[in-house]
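Report on the structure
Residues per chain are reported as follows:
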Amino acid sequence: MPRDDMLKLLFSSWGAEWGTAALVFAVSAAVGRFAAEGMNTLQWCGAITAVLASITAAVAVRVWKPEAAKVRVED
């Protein structure tokens, strides 16, 4: 696959949706692993923040729909 096609796929809406889904999965797995070993209160706060941030990114990618720019040309 040529490099340009790979970059287009990576930076497309499809790539963004699957990338953020993978991010949510990876962060949740990491938090779960460290939670199983035991965490203190500060670590729990950081873990919750990381999970919420990854979910927020995933929702933002799926909800945000860019609109065409409206340009007014005056003669």
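That block above? That's the structure.
Anyway, here's the lowdown on the structure attached to this text.

Parameters and conventions
- Residues numbered from 1 in each chain as written.
- Predicted model: local features only at pLDDT ≥ 70, side-chain atom pairs only at ≥ 80, totals over all residues.
- Heavy atoms only, no water.
- Helix = DSSP H or I, 4+ residues; strand = E, 2+ residues; numbered from the N terminus.
- Buried < 20%, exposed > 50% of the residue type's maximum accessible area, 1.4 Å probe, protein only.
- Areas by Shrake-Rupley, 256 points an atom, 1.4 Å probe, with all protein chains shown as cover.
- Phe/Tyr/Trp six-rings, centres within 6.5 Å; stacked < 30°, edge-to-face > 60°.
- Lys NZ or Arg CZ within 6 Å of the ring centre and 35° of its normal.
- Expected span 1.5 Å × (residues − 1).
- Contact = heavy atoms within 4.5 Å.
- Polar contact = N/O pair within 3.5 Å; in protein donor to acceptor, adjacent residues only side chain to side chain.

With that settled, the discussion passes to the overall build of the protein chain. A tally of regular secondary structure across the protein chain gives 3 helices and 0 strands. Taken from the N to the C terminus, the helices and strands of the protein chain come in the order α-α-α. When burial is assessed residue by residue, the protein chain has 11% of its 75 residues classed as buried. Looking at the protein chain as shown, the accessible area adds up to about 6,400 Å², and 68% of this sits on carbon and sulfur atoms.

Within the structure shown, the criterion is met by 0 aromatic pairs. The positively charged end of Arg 33 is found above the aromatic ring belonging to Phe 34, 5.1 Å away from the centroid.

A word on helix α3 (residues 41-63). Here α3 is 23 residues long and its end C-alpha atoms lie 33 Å apart, about the 33 Å a rise of 1.5 Å per residue gives. Turning to α3, its buried residues are Ala 47, Ser 54 and Ala 58. Buried-residue contacts for α3 involve α2 (13-37). The opening residue of α3 is Asn 40, an N-cap whose side-chain oxygen sits 3.2 Å from the backbone nitrogen of Leu 42.

Between its first and last C-alpha atoms α2 spans 36 Å; for 25 residues at 1.5 Å apiece the expected length is 36 Å, and the two agree. Among the residues making up α2, those that are buried are Gly 15, Thr 20, Val 27 and Val 31. Backbone geometry just after α2 places Gly 38 at a positive phi near 105 degrees.

Before going further, it helps to examine the environment of Thr 20. Relative to the elements of secondary structure, Thr 20 occurs in helix α2. Classification of Thr 20 as buried rests on a relative accessible area of 10%. In this structure the C-alpha to C-alpha distance between Thr 20 and Ala 60, which are 40 residues apart in sequence, comes to 9.6 Å. Residues in contact with Thr 20, not counting those within four places in the same chain, are Ala 57, Ala 58, Val 61 and Arg 62. At 3.0 Å, the side chain of Thr 20 and the backbone oxygen of Ala 16 are in polar contact.

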